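Here's the letter readout for the chains.
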Amino acid sequence: MTDFKYSFDDKRYHTLNYHLKNTFNEKIFKVALDAGFDCPNRDGTVAYGGCTFCSVAGSGDFAGDRVDPISVQFEKIRSNMQSRKWKNGRYIAYFQSFTNTHAPLEVLREKFEAALEIDGVIGLSIGTRPDCLPDDVVEYLAELNTRTYLWVELGLQTVHDSTSKLINRAHDLDCYLEGVEKLRKHDINVCSHIINGLPQEDRKMMMETAEAVAGMDVQGIKIHLLHLLKGTPMVKQYEKGLVSFLDQADYVNLVCDQLEILPEDMIIHRITGDGPIDQLIGPMWSTDKWNVLNSIDAELKRRNTHQGIRYKEKINA
């Protein structure tokens, strides 16, 4: 094993599980919720149609049901967790579906405060876009940050504006950097989302996105695998030959290369992704998530390497 210090479970990267257990001294679970919001590139605020990869659930395919109040969604998911194997622990309310700051401040306040009132909830994770951070919302997030554990999960996906246009992202890299700056002025933890396998992107471009995130003032990252779901606009791009699936071996090697260039203290919230199997077009190997995770662990061990090793080499050069 290397001298990598952010692990108690033989991981060679700084897992969210490690961070949370060291912060709270117990198991912390994320409960994915759907607060009923929309997205600005779906409703015409900045565009129509949404990101081409996004499902009808707004990338919240495993979240609660938006017809239920926040407290009801939460209890249904918590009961399901406890009926399986997790009996004890506390929770982060994860506002996952669609854009969770795309609403008037009073609506956001109602949803977020309802979650914080639930017994056992110790914090919030709020998924949103960099173009949905008006000053009044940022001020409220800053206030939340003083009284609860808070992450803002900010969708980047790629640093390449040509790809952003192709996937109908409807914002550019400069907008993203401005959003990060707004949040970091208030010491709010930011988790950047990136996607490997976007249309027309090669390995070099995917590495450039990870390298850019490594240099940002962000505290966490989610590395997603592009998975194509039925009914998404990307299906048409796939049929035109604009989308090709990464194979598992290439994905594993890519993620390991990306982990090596990220700072050691950047928290890794996710290193793969999957979708509902009944809606999935590909890649089908993504459905075996544990195999993917174990393969990444095995490759890092084979290399005798870890998160941050090449980042340290770069800054020490």
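Coordinates for the structure precede this section.
The following paragraphs examine the structure supplied in this document.

What counts and how
Residues numbered from 1 in each chain as written. Predicted model: local features only at pLDDT ≥ 70, side-chain atom pairs only at ≥ 80, totals over all residues. Heavy atoms only, no water. Phe/Tyr/Trp six-rings, centres within 6.5 Å; stacked < 30°, edge-to-face > 60°. Helix = DSSP H or I, 4+ residues; strand = E, 2+ residues; numbered from the N terminus. Buried < 20%, exposed > 50% of the residue type's maximum accessible area, 1.4 Å probe, protein only. Lys NZ or Arg CZ within 6 Å of the ring centre and 35° of its normal. 1 Å grid on protein atoms, 1.4 Å probe; cavity = no way out; pocket = protein on both sides within 12 Å on 5 of 7 lines; lining within 4 Å. Points joined across faces, edges and corners; volume = space filled by probe spheres on them. Polar contact = N/O pair within 3.5 Å; in protein donor to acceptor, adjacent residues only side chain to side chain. Contact = heavy atoms within 4.5 Å. Disulfide = S-S within 2.5 Å. Pairing = 2+ DSSP bridges. Core = buried A, V, L, I, M, F, W, Y, C linked by side-chain atoms within 4.5 Å. Axes fitted to C-alpha atoms, helices over the stretch in contact; angles between N-to-C directions. Parallel < 35°, antiparallel > 145°, perpendicular 65-115°, else oblique. Left-handed = near helix turned anticlockwise from the far one by under 90°. Nonpolar A, V, L, I, M, F, W, Y, C, P; charged D, E, K, R; others polar.

With that settled, consider the packing of aromatic side chains. Taken as a whole, this structure holds nine aromatic pairs when the rule is applied. On the numbers, 6.4 Å between centres and 5° between planes, the contact of Phe112 with Tyr140 is stacked. With a gap of 28 residues between them, Phe112 in helix H3 (residues 105-116) and Tyr140 in helix H4 (residues 135-145) connect regions that are remote in the sequence. For the pair Phe112 and Tyr140, one class covers both residues: buried. Relative to Trp285, the ring of Tyr251 lies with its centre 5.8 Å away and its plane at 45°, an arrangement referred to as tilted. Note that Tyr251 is positioned in helix H9 (residues 248-261) and Trp285 in the loop between strand E9 (280-282) and helix H10 (289-303), a separation of 34 residues in sequence. Across this residue pair, the class does not change: Tyr251 and Trp285 are buried. Of the aromatic side chains, those joined through ring pairs into one cluster are Phe4, Tyr6 and Tyr18. Over the ring of Tyr94 we find Lys30, and its NZ or CZ is 4.0 Å from the ring centre. Arg109 extends its terminal NZ or CZ atom over the ring of Tyr140, reaching a point 4.4 Å from the ring centre.

So, on to the layout of surface pockets. In this model, the second largest pocket occupies a volume close to 170 Å³. Around the second largest pocket sit 14 residues that line it, and Gly197, Glu201, Arg203, Met206 and Leu246 are the ones nearest its centre. Of all the elements in the fold, those that place two or more residues in the lining of the second largest pocket are helix H7 (203-214) and H9.

Now for the side chain of His14. Take His14: it is sitting in the segment before helix H1 (16-24). The exposure class assigned to His14 is buried, which follows from its relative accessible area of 6%. Within polar-contact distance, the side chain of His14 engages the backbone oxygen of Asp265 at 3.4 Å. Ignoring anything within four residues of it in the chain, the contact list for His14 reads Phe4, Tyr6, His19, Glu264, Asp265, Met266, Ile267, Ile268 and Gln307.

The subject of this paragraph is the state of the cysteines. In total, this model carries zero disulfides according to the counting rule given. Unpaired in this structure, Cys51 has its nearest cysteine sulfur neighbour in Cys54, at a distance of 6.2 Å. Between Cys256, a free cysteine, and Cys191, which holds the nearest cysteine sulfur, the sulfur-to-sulfur gap is 19 Å. The exposure class of Cys256 is buried, given its relative accessible area of 0%.

Okay, the pairing of strand E1 (residues 28-33) next. Counting buried positions over the six residues of E1 gives five, a clear majority of the element. Sheet analysis places E1 next to strand E2 (residues 90-95), joined by six bridges and oriented parallel. Pairing of Ala32 across the sheet is with Tyr94, part of E2.

This next bit is on the nonpolar core. Counting 65 residues, the largest nonpolar core has Phe95, Leu124, Leu141, Leu259, Ile271 and Ile296 as the members making the most contacts within it. If one sorts the elements of this core by residue count, H9 sits on top with seven residues.

Remark: H9 packs on H10, axes separated minimally by 9 Å, with the N-to-C direction vectors making an angle of 55°. The orientation of H9 relative to H10 falls into the category oblique. Two packed elements cross with a definite hand, and for H9 against H10 that hand is right-handed. Between H9 and H10, the contacting residues are Gln248, Tyr251, Val252, Asn253, Val255, Cys256, Asp257, Leu259 and Glu260 on the first element and Asn291, Val292, Ser295, Ile296, Glu299, Leu300 and Arg303 on the second. Residue composition of the contact of H9 with H10, by class: eight nonpolar, four polar and four charged.

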